Amino acid sequence: MVKIVGVRFRNAGKVYYFDPKNYKINVGDHVIVETARGVEYGTVTGGIRSVPDDMVVQPLKAVIRVATPDDDARAKRNRIKEKEALKICTEKVAKHGLDMKLIDAEYTFDNNKVLFYFTADGRIDFRELVKDLAAVFKMRIELRQIGVRDETKILGGIGICGRVLCCNSYLSDFAPVSIKMAKEQNLSLNPTKISGVCGRLMCCLKNEEETYEYLNSRLPAVGDTVTIFDGQKGEVHSVNVLRQKVKVLIDAGDEKEIQEYDVSELKFKPRKRRERSAKGDKHEKGNKNSSEEKELKELEALEKKEGKSKLNEN
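Residues numbered from 1 in each chain as written. Predicted model: local features only at pLDDT ≥ 70, side-chain atom pairs only at ≥ 80, totals over all residues. Heavy atoms only, no water.

Q: So what exactly am I meant to see when it comes to unusual backbone geometry here?
A: Most peptide bonds are trans, and most residues other than glycine sit at a negative phi. A cis amide bond links Gln 58 with the next residue in sequence, Pro 59, at an omega value of -5 degrees. Although it is not a glycine, Gln 244 sits at a positive phi angle of roughly 60 degrees. Mapping Gln 244 onto the fold places it in the loop between β10 (233–240) and β11 (245–252). By relative accessible area, Gln 244 is classed as buried at 8%. (Helix = DSSP H or I, 4+ residues; strand = E, 2+ residues; numbered from the N terminus. Buried < 20%, exposed > 50% of the residue type's maximum accessible area, 1.4 Å probe, protein only.)

Here you go:
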């Protein structure tokens, strides 16, 4: 067993683990640690605990010290210097005529390096810009291109739910999100309604996916044939996932009528995972705007292209 303590370097960032040595460290304390970027100032998010040796990457770096008042003051000065650095870099970008949008600047705690985060549509040749910045700051310069989801994570904002964005408040990494999740939850497939502030599919689609998969596995698909408790057969017209209700189209002599039943009153072929039947897919495609379908596919392709967050490359 090995003792570890979890440390985070930015709001809602990835948690890294260190050896607490003999220090008494509590959640919320600030500590000084050594990372691949150099000496850093971080916040403890997970108290000291023991885990099996194979659960952490060895060798485990140790906490250098619990932050002192001088360390806290230095960290605050760095935050002020970052604003000035961002302003200077913005001016240099304009001078060089580069098609890039600066998002944030970050000093390492030891002032060994300053990082600039930016977004751009393609690759940017910023070699001359780096030379200019190195001449101004007299330290190592790193320009890191990030995606729009990382941009939103840094800048923050309010979602359509009225709450602070998930990525800015608690999500340490981005989970893969797909159109299938929206379909599973019977949400509108209008891209404007299931896209977040960043313009990508909303991260919260992942939150209830497991629950909806379970609930959908207990329901028939639209278009399936089911047997009602009294022996009649009918075709599934629609389903209410949360209420576990099914509307069935039944032949009543010369007419057809729709009646609602609890799923427990119906017999149908169970499925392990919620899969739409061929009839259900045809019905869906027939009612979906082709331009929306194309836009959704483009959104999903962008999700895969951006990949993992670039903010966690510490």
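Q: I tried to follow the pairing of strand β3 (residues 30–35) on my own but got confused; where do I start?
A: Here six bridges tie β3 to strand β4 (residues 38–51), and the two strands are oriented antiparallel to one another. Each residue of the ladder has a partner; that of Thr 35, found in β4, is Gly 38. Hairpin connection from β3 to β4: two residues lie between these consecutive antiparallel strands. Across three bridges, β3 lies against strand β5 (residues 63–66) in antiparallel orientation. Bridging from a neighbouring strand, Ile 32 pairs with Arg 65 of β5. (Pairing = 2+ DSSP bridges.)

Q: Quick question: what am I supposed to make of the nonpolar core here?
A: Across soluble globular proteins, nonpolar side chains show a tendency to be buried alongside one another. Membership of the largest hydrophobic core comes to 18 residues, with the highest contact counts inside it found for Met 100, Leu 102, Phe 116, Leu 133, Phe 137, Ile 141 and Leu 143. Breaking this core down by element, the ones donating at least two residues are α1 (69–96), β6 (101–107), β7 (113–119), α2 (127–137) and β8 (140–145). Looking at this core, the element that brings in the most residues is α1, giving four residues. Once you skip the residues sitting within four places of it in the chain, Leu 143 turns out to touch Met 100, Phe 116, Phe 118, Phe 126, Leu 129, Val 130 and Leu 133. (Core = buried A, V, L, I, M, F, W, Y, C linked by side-chain atoms within 4.5 Å. Contact = heavy atoms within 4.5 Å.)

Q: Where do I start with the packing of aromatic side chains in this structure?
A: What characterises a pair of aromatic rings is the spacing of the ring centres plus the angle enclosed by the ring planes. Evaluated as defined, the whole model comprises six aromatic pairs. Centroid distance Phe 9 to Tyr 16: 5.7 Å. Interplanar angle 45 degrees. Geometry classified as tilted. Considered together, Phe 9 and Tyr 16 belong to a single accessibility category, that of buried residues. Across the ring face of Tyr 107, the terminal group of Lys 81 is positioned such that the distance to the ring centre comes to 4.7 Å. When the ring centre of Phe 174 is taken as reference, the NZ or CZ atom of Lys 153 above it lies at 5.8 Å. (Phe/Tyr/Trp six-rings, centres within 6.5 Å; stacked < 30°, edge-to-face > 60°. Lys NZ or Arg CZ within 6 Å of the ring centre and 35° of its normal.)

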